[in-house]
Amino acid sequence: MTDLSAVRIRGVERLAGPLVVVRRVAGMALGEDVLVAGPDGRSRHGQVIELAADLAVVGVYQGTSGLELATTTLELTGEPFRLPISSAMLGRIMDGRGRPIDGGPPIVPTTRRDVNGAPINPAARDNPRDFIETGVTAIDLLTSLVRGQKLPIFTAAGLPANDLAARIATGARVIGEERFVTIFAAMGITRREADDFRDAFLSSGSIDRIASFLNLADDPAVERLLTPRCALTLGEYLAFELGFDVLVVLTDMTAYGEALRELSTAREEIPGRRGYPGYLYTDLATLFERAGRVRGRPGSLTALPIVTMPDDDITHPIPDLTGYITEGQIVLSRELWGRGVDPPIDVLPSLSRLMNAGIGEGRTVPEHRVVADQLYAAYARARDLRRLVTVVGEAALTAAEQAVLAFGDAFERRLVGQGAERRPLTTSFDLAWELLLRLPSAELGRIPETVLAARTWRGGGGSDEVDAGEGPKGGPGRGGGSARIGGGSDG
């Protein structure tokens, strides 16, 4: 049925890529949803993205191919784009605008929400807390993710960021919580990558708790800007109204930034750093700041954006600004990937600023912090020794230094490089203790004697390969640090 009260504009001033420039009319609002029709009468959706004194710019989600200046008609809807949402979207695969593409039945919406949402009022924010187990040891032990956090993954071209994203999306959970779901939003991916994600979700057995939004590389750039907003809008509904703990995985934010730059160029805006618009920081913040916990409301919304660093440059505007907004970073290493470490997480530049809020007694294990600190310290020393070996040779090292060097190899190969396996937190800690207790006691200065003694007395993994001349009171390996890593199950 035709809406006789709707405002219609016939004829446009200019067509530029996915953008339509029209004469501004009274009542036109920024962010308003627009219906665009061409000579064939087919209706396309768009959004008012810029208003000037006498002109307006409309971004068309399906692109402007086939449109003509004189015959194109725009109809103003009088409201922003509202996503039809429902808990029935869990288990479904949708395009970048929330339309099912998995061959299933139509989704009957419970409500419709403005996709622009609103960042959480700082006065209403509750502190992020409670550990999220991803099943990835390097993250769970050393850069722990907590409910309500914004923790990005910085990757580079050719690294397995998509595999890691799919692994986290299917394997993450809150210990002791049943109401945990994942929303996966992929932007600018190829059809092959989309098929890989579908296969990964279907084969995981957890598809019923994952809602997927897939924006393909050949989809218009305007839709790419809408995809993360649709995912976060669904996440806010599930978290703050239905009480779910929601993890939103956004990949790849660099594709999002490139789409923003493309539209900025088409709008002939003055560019900022490396051609990106000057409002890139503000735009990213409007997305990431929607994550968190709201005081007095159930549920939580946790964001895990994945950012590809062009030319492996962490100072590139997108990862640089992302780091300012979020609460840490997980960094993937090309060097580790070249040595066959999967996932190639470099734990030294990685950081979770809210880690302490989600670990320790009552959350993970009481000694989580000191174990993580000791793993960092021992691995950092092993990396230093590798550089020394290139100068003096391994034969010049003491027995204790050789043990630390071997620890670094085992740390990368066994603890970080877990492959496709999903590790429960208890298994990760057992492996960490097994490697640590093979080090000379002088290298374990960050772990209190009482914790070491208790662990050794319980028969901590690997302690049988250390000179245990003293009992639990004296700590493991007091016999001079002749222990080596590399035998037994290390291969």
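Quick notes on the rules
Residues numbered from 1 in each chain as written. Predicted model: local features only at pLDDT ≥ 70, side-chain atom pairs only at ≥ 80, totals over all residues. Heavy atoms only, no water. Core = buried A, V, L, I, M, F, W, Y, C linked by side-chain atoms within 4.5 Å. Buried < 20%, exposed > 50% of the residue type's maximum accessible area, 1.4 Å probe, protein only. Helix = DSSP H or I, 4+ residues; strand = E, 2+ residues; numbered from the N terminus. Axes fitted to C-alpha atoms, helices over the stretch in contact; angles between N-to-C directions. Parallel < 35°, antiparallel > 145°, perpendicular 65-115°, else oblique. Left-handed = near helix turned anticlockwise from the far one by under 90°. Contact = heavy atoms within 4.5 Å. Nonpolar A, V, L, I, M, F, W, Y, C, P; charged D, E, K, R; others polar. Pairing = 2+ DSSP bridges. Salt bridge = Lys/Arg side-chain N within 4 Å of Asp/Glu carboxyl O. Expected span 1.5 Å × (residues − 1). Polar contact = N/O pair within 3.5 Å; in protein donor to acceptor, adjacent residues only side chain to side chain. pLDDT = per-residue confidence, 0-100. 1 Å grid on protein atoms, 1.4 Å probe; cavity = no way out; pocket = protein on both sides within 12 Å on 5 of 7 lines; lining within 4 Å. Points joined across faces, edges and corners; volume = space filled by probe spheres on them.

Trainee: Describe the nonpolar core, naming the residues involved and giving the relevant values.
Mentor: Looking at soluble globular proteins, one finds that nonpolar side chains tend to be buried together. Ranked by internal contacts, the top residues of the largest apolar core, which has 72 residues, are Ile168, Phe184, Ile345, Val347, Leu375, Phe407 and Phe411. No other element matches helix H9 (residues 368-392), which puts eight residues into this core. Judged by nonpolar contacts, the second largest core, of 56 residues, contains Met94, Ile120, Ala211 and Phe244.

Trainee: I'd like a description of the packing of helix H4 (residues 221-240) against helix H5 (residues 253-266), backed by residues and values.
Mentor: For the pair H4 and H5, the least separation of the axes is 8 Å and the interaxial angle reads 135°. It follows from the interaxial angle that H4 and H5 lie oblique. In this structure, the crossing between H4 and H5 has a hand that is left-handed. Residues Ala221, Val222, Arg224, Leu225, Pro228 and Arg229 of H4 form the contact with H5, whose participating residues are Ala255, Tyr256, Ala259, Leu260, Glu262 and Leu263. Residues of the contact of H4 with H5, tallied by class, amount to nine nonpolar, no polar and three charged.

Trainee: Go over the sheet that holds strand E15 (residues 173-174), please, and point to the residues and values.
Mentor: Judged by pairing direction, the sheet is antiparallel, and its three strands sit side by side in the order E13-E12-E15 without closing on themselves. Where the open sheet ends on each side, the last strands, each with one partner, are strand E13 (145-147) and E15.

Trainee: For helix H2 (residues 161-171), give the residues involved together with the corresponding values.
Mentor: Of all 11 residues in H2, nine are buried, a share of seventy percent or more. When H2 is considered as a whole, its buried residues turn out to be Ala161, Leu164, Ala165, Ala166, Arg167, Ile168, Ala169, Thr170 and Gly171.

Trainee: Now, about the sheet that holds strand E21 (residues 328-332): what can you tell me, with residues and values included?
Mentor: Within a sheet, adjacent strands bond to each other through the backbone by hydrogen bonds, running parallel or antiparallel. Spatial ordering of the open sheet is given by E9-E17-E16-E18-E20-E14-E21-E22, a layout of eight strands whose pairing is mixed. If you trace the sheet from one side to the other, it starts and ends with strand E9 (93-95) and strand E22 (345-352), each paired once. In this sheet, neighbouring strand axes are inclined to one another by 15° on average, regardless of whether the strands run parallel or antiparallel. By the bridge criterion, seven bridges tie strand E16 (residues 180-189) to strand E18 (residues 245-251) in an arrangement that is parallel. Its bridge partner being in E18, alanine 185 is matched across the sheet by leucine 250. In this fold H4 packs onto E16, strand E17 (210-216), E18 and strand E20 (300-308), with an angle of close to 175° to the strand it touches most, E16.

Trainee: Describe in detail the pattern of salt bridges, supporting the description with residues and values.
Mentor: Enumeration over the complete set of coordinates arrives at 43 salt bridges. In this structure, the salt-bridge partner of aspartate 54 is arginine 23, at a minimum N-O distance of 3.2 Å. Of this pair, aspartate 54 sits in the loop between strand E5 (43-51) and strand E6 (55-60) while arginine 23 sits in strand E3 (residues 19-23), and the two are 31 residues apart along the sequence. We note a salt bridge from glutamate 412 to arginine 339, for which the minimum N-O separation is 2.6 Å.

Trainee: Give me the lowdown on the pairing of E3, citing residues and values where you can.
Mentor: With four of its five residues buried, E3 lies for the most part within the structure. Sheet analysis places strand E2 (residues 14-16) next to E3, joined by three bridges and oriented antiparallel. Residue alanine 16 lies in a different strand from E3, and its bridge partner there is leucine 19. In this structure, the hairpin formed by E2 and E3 is closed by a connection of two residues, where glycine 17 is found at a positive phi of approximately 60°. Across five bridges, E3 lies against E6 in antiparallel orientation. If you follow leucine 19 over to E6, its bridge partner there is glycine 59.

Trainee: Break down H5 for me, with residues and values.
Mentor: Given a rise of 1.5 Å per residue, 14 residues ought to cover 20 Å, and the 20 Å separating the end C-alpha atoms of H5 matches this to within 8%. For H5, the set of buried residues is Met253, Thr254, Ala255, Tyr256, Gly257, Ala259, Leu260, Leu263 and Ser264. The backbone nitrogen of threonine 254 has a side-chain oxygen 2.8 Å away, supplied by the residue at the start of H5, namely aspartate 252. Remark: glutamate 268 follows H5 within two positions and exhibits a positive phi of approximately 60°.

Trainee: Any details on the confidence of the model for the chain? Residues and values, ideally.
Mentor: The predicted coordinates of low-pLDDT regions are not to be read in fine detail. Residues with a pLDDT of 70 or more make up 91% of the chain, whose mean pLDDT is 88. Predicted confidence for residues 460-491 stays below pLDDT 50, and this span has 59 contacts to residues more than four positions away or in other chains.

Trainee: Break down the layout of surface pockets for me, citing the residues and quoting the values.
Mentor: One number sums up the size of the largest pocket: a volume of about 600 Å³. Forming the walls of the largest pocket are 24 residues, and the residues nearest its centre are Gln47, Ile49, Asn116, Arg229 and Asp283. Those elements that provide at least two residues to the lining of the largest pocket are E5, H4, H5 and helix H6 (280-288). Residues belonging to the lining of the largest pocket are distributed by class as follows: 14 nonpolar, six polar and four charged.

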